[in-house]
Structure formats: structure tokens, C-alpha cells
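Residue-level listing of the chains:
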Amino acid sequence: MLFSVVCLAQALYYEARSESIAGKLMVAEVIYNRMEDGNFPTTVCEVVYQEDQFTWSDNPPPIKEAKLWGLIS
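Because the structure is predicted, anything quoted here is derived from the model rather than measured.

Definitions and limits used
Residues numbered from 1 in each chain as written. Predicted model: local features only at pLDDT ≥ 70, side-chain atom pairs only at ≥ 80, totals over all residues. Heavy atoms only, no water. Disulfide = S-S within 2.5 Å. Helix = DSSP H or I, 4+ residues; strand = E, 2+ residues; numbered from the N terminus. Core = buried A, V, L, I, M, F, W, Y, C linked by side-chain atoms within 4.5 Å. Buried < 20%, exposed > 50% of the residue type's maximum accessible area, 1.4 Å probe, protein only. Contact = heavy atoms within 4.5 Å. Phe/Tyr/Trp six-rings, centres within 6.5 Å; stacked < 30°, edge-to-face > 60°. Lys NZ or Arg CZ within 6 Å of the ring centre and 35° of its normal. Lys, Arg positive; Asp, Glu negative; His and termini not counted. Salt bridge = Lys/Arg side-chain N within 4 Å of Asp/Glu carboxyl O.

### As for the state of the cysteines
Enumeration over the complete set of coordinates arrives at one disulfide. Note on cysteine connectivity: C7 is disulfide-linked to C45, with sulfurs 2.0 Å apart. Judged by the sign of its S-S torsion, about 100°, the cystine formed by C7 and C45 is right-handed. Highlighted residues: C7 in helix 1 (residues 2-16) and C45 in helix 3 (residues 44-48), separated in sequence by 38 residues.

### Some remarks on the nonpolar core
Grouped together as the largest cluster of nonpolar side chains are 16 residues, with contacts concentrated most on L8, A11, I31, M35, V44, V48 and W56. Looking at this core, the elements with two or more residues in it are helix 1, helix 2 (21-36) and helix 3. Counting residues per element, this core draws most heavily on helix 1, at six residues. Filtering out sequence-adjacent residues up to four positions away, A11 remains in contact with A16, V27, I31, V48 and W56.

### Some words on the packing of aromatic side chains
In total, this model carries four aromatic pairs according to the counting rule given. For the pair F54 and W56, a centre-to-centre distance of 6.3 Å together with 40° between the ring planes defines the contact as tilted. Here F54 matches W56 in class, with each residue buried. Site record: aromatic cluster; members linked through ring pairs are Y13, Y14, Y49, F54 and W56. A cation sits over an aromatic face here: R17 above Y13, 4.8 Å from the ring centre.

### Examining the side chain of R34
Within the secondary structure, R34 sits in helix 2. Of the side chains with opposite charge, D37 comes closest to the buried, unpaired R34, at an N-O distance of 8.1 Å. Not counting residues within four places of it along the chain, the set of residues in contact with R34 comprises F40, P41, V47, Q53 and F54.

Okay, here's the thing in C-alpha cells:
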């Protein structure tokens, strides 16, 4: 479960970090809709890291806003 939260957080960070809450929720909705569709994997991490689904997932860039991740106080 924890790993799924991290995968979802990464997807939201890389796909919608500059978007409103509504924009972030739309990205999450796409991921969960894919999980329920028989043509996609069934877990958050498998959907997020499925080949050619999210451009950043093959080689995630460094996290620039470390405070958002709790890496600094």
C-alpha cells in the first residue's frame, strides 16, 4: 500500500505539480480509471510505470521542490 502511495505521489508531482487540486485529482482519476479497465494493469505502480504511459516514468528527473516531499524542513 505504501509503495502505491509513493507511485501516485510521483505521478501527481511530475504530471500536475503546477496544477490546481482539481488538476491533480484528474490525473489521479485517470490512473484509477485505468486500473479498473481490463486493458491496463491493476495497481497504481503498474499503471504509472507502464511503458509509454507517462513520459517521465522511464527516467524521472530529480525532485526540485524537496519541501513538498518532506525532505527538508
